[in-house]
Amino acid sequence: MDSRKKKQLTQAAMILVAAGLNIWGILTLLQTLGADVGLSYIDSIPNLVVKYVVVVATMACGIMLMSAAAGTFAGKVKNVFSIVVCAYSTIMTIPLFLAFILMIPVAAGASLPAFLDEMVRDIVVAFQSFLGTGGVQYLIYSLGIVMGAVFLAVPILSTYFTVKDIDLIALLKAKFGKKREND
């Protein structure tokens, strides 16, 4: 088998596995939110936080693999595929990021508009059953906000560098390599 055929098979495998992980993540999210999509094992997980960990883990792996697959293409296909994956990643990450932000006031006793309050309060109660009501929960929420910010920033920056055809690793090596020579 020639190298072009191997590359195409690798790209296809990466895309299929990534799509499968993303579909599994979305179905897991729907099951967690109460829709019966056939993932009954999710219902047997007793803590809501653990259910969401499954969602985040599958979605993150699927998005990262899809982004890596996009990087294996060339030219306009690479750029468009990267932008589409970035947009999808951003759309899927914004609710996670906002949920962690909203958990802080809810844990402190504030109320949110009804459509948000029930969902966020359920997650806060689940975290509190895990961590208690002390300061550790706020540390976790803060770390969750940082994680959400990273999950938003990395794909956006990665897509920018991909579309602009900037090799960030080479750029960093050149920048820090010169400093060491001058020291």
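What counts, and at which threshold
Residues numbered from 1 in each chain as written. Predicted model: local features only at pLDDT ≥ 70, side-chain atom pairs only at ≥ 80, totals over all residues. Heavy atoms only, no water. Salt bridge = Lys/Arg side-chain N within 4 Å of Asp/Glu carboxyl O. Helix = DSSP H or I, 4+ residues; strand = E, 2+ residues; numbered from the N terminus. Buried < 20%, exposed > 50% of the residue type's maximum accessible area, 1.4 Å probe, protein only. Contact = heavy atoms within 4.5 Å. Phe/Tyr/Trp six-rings, centres within 6.5 Å; stacked < 30°, edge-to-face > 60°.

(A) Representation of the pattern of salt bridges within the structure. Scanning the model with the defined rule gives 1 salt bridge in all. D117 is the salt-bridge partner of R121, the closest N and O atoms lying 2.8 Å from each other. In this pair, R121 and D117 both sit in helix α5 (residues 114-131), 4 residues apart, roughly one turn of the helix. Exposure remark for D117: the relative accessible area of 15% places this residue in the buried category.

(B) Inspection of the environment of I104 at higher detail. Mapped onto the elements, I104 comes out in helix α4 (residues 75-107). When its relative accessible area of 29% is taken as the criterion, I104 is described as partly exposed. Placed 84 residues apart in sequence, I104 and G20 show a C-alpha to C-alpha distance of 33 Å. In this structure, I104 is in contact with Y138, Y141, S142 and I145, ignoring residues within four places of it in sequence.

(C) Broad picture of the packing of aromatic side chains. All told, the structure shown has 5 aromatic pairs when counted by the stated rule. Their ring planes at 85° and their centres at 6.1 Å tell us that Y138 and Y141 sit as a pair that is edge-to-face. Taken together, the residues span about one helical turn, with Y138 and Y141 both in helix α6 (residues 135-163) at a distance of 3 residues. Judged by its relative accessible area of 0%, Y141 falls in the buried class.

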